[in-house]
Amino acid sequence: MRRLHRVRRTVNYINLATPLGLLLARLGRARVATGPDGLVLAYGYRFRFPIASAFTVGNVVLTKHEEGFLTGALLRHEDRHASQYMLCVGLPMLPLYVVAVAVSMLICGDHASWNLFERLANLEDGNYARRSPWWFRTKSS
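Report on the accompanying structure. For every chain, the first residue of the written sequence is number 1, and numbering continues from 1 onward in sequence order. Side-chain atom pairs in this predicted model are given and counted only at pLDDT of 80 or more, local residue features only at pLDDT of at least 70, and totals for whole chains, interfaces and linings cover all residues. Hydrogens are left out, water is left out, and the side-chain values use all remaining heavy atoms of the structure.

## Things to note about a nonpolar patch on the surface
Without a salt bridge and with relative accessible area above 30%, a residue can belong to a patch; like charges are then joined within 9 Å and nonpolar side chains (Val, Leu, Ile, Met, Phe, Trp, Tyr) within 5 Å. With residues, only the protein chains shown are counted as cover, and all accessible areas are computed by Shrake-Rupley using a 1.4 Å probe. Within this document, salt bridges are pairs made up of a side-chain nitrogen of Lys or Arg and a carboxyl oxygen of Asp or Glu, the two lying within 4 Å of each other. On the surface, Leu16, Leu91 and Leu94 cluster together to form a nonpolar patch covering roughly 230 Å² of accessible area. Secondary structure counts use DSSP, requiring at least four H or I residues in a row for a helix and at least two E residues in a row for a strand, with both numbered from the N terminus. Looking at the secondary structure, you find leucine 16 in the loop between helix H1 (3-14) and helix H2 (17-27).

## A short note on the pattern of salt bridges
Applying the stated criterion across every chain, the model contains 4 salt bridges. Across the salt bridge formed by aspartate 125 and arginine 80, the nearest N and O atoms sit 2.8 Å from each other. Of this pair, aspartate 125 sits in the segment after helix H5 (116-120) while arginine 80 sits in helix H3 (residues 72-87); the two residues are 45 residues apart in sequence, bridging distant segments of the chain. Residue arginine 80 is classed as partly exposed on the basis of its relative accessible area of 27%. Between glutamate 124 and arginine 130 there is a salt bridge whose closest N-O contact spans 2.7 Å. Looking at arginine 130, the relative accessible area reads 47%, which means it is partly exposed. Only protein chains enter the area calculation, which uses a 1.4 Å probe; residues under 20% of their type maximum are buried, those over 50% are exposed, and those in between are partly exposed.

## Examining the pairing of strand E4 (residues 60-63)
Of the two faces of E4, the one holding Val60 and Leu62 and the one holding Val61 and Thr63 are both buried throughout. The pairing criterion for strands is at least two bridges between them, as found by DSSP. With 4 bridges joining them, strand E3 (residues 54-57) and E4 adopt antiparallel strand pairing. Counterpart to threonine 56 in the pairing with E4 is valine 61. Counted along the chain from E3 to the antiparallel partner E4, the turn is 2 residues long, and its residue glycine 58 has a positive phi close to 65°.

Put into structure tokens, the structure is as follows:
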């Protein structure tokens, strides 16, 4: 594991983001497994919210899907969110993320396309489409 990942793992424990992620995994009855780069992968999360196929809280990546789902580009996307928690000093990322969703909804009517956190994590890696702002769209006849 690279030094950056060790630092991220430690900081996200101290800032309480990872403990919250582990609590959500437990409450959602997810099976927890050690992942790459200090991540914790939680499979079989049972709550319906959030509706994303995967989401990250601290260093914990949660998904309703079975083992093997969190791979490749999607895992890289979620890995970037773990780093964002570190940079946002943990739990403050949650309200900041909600604001970013609201801004994206106002700009294009989509929760991810203009969400700063999703854009920095690479929209395409997270299986999100890039939508243009509503004021640039042409009206069809």
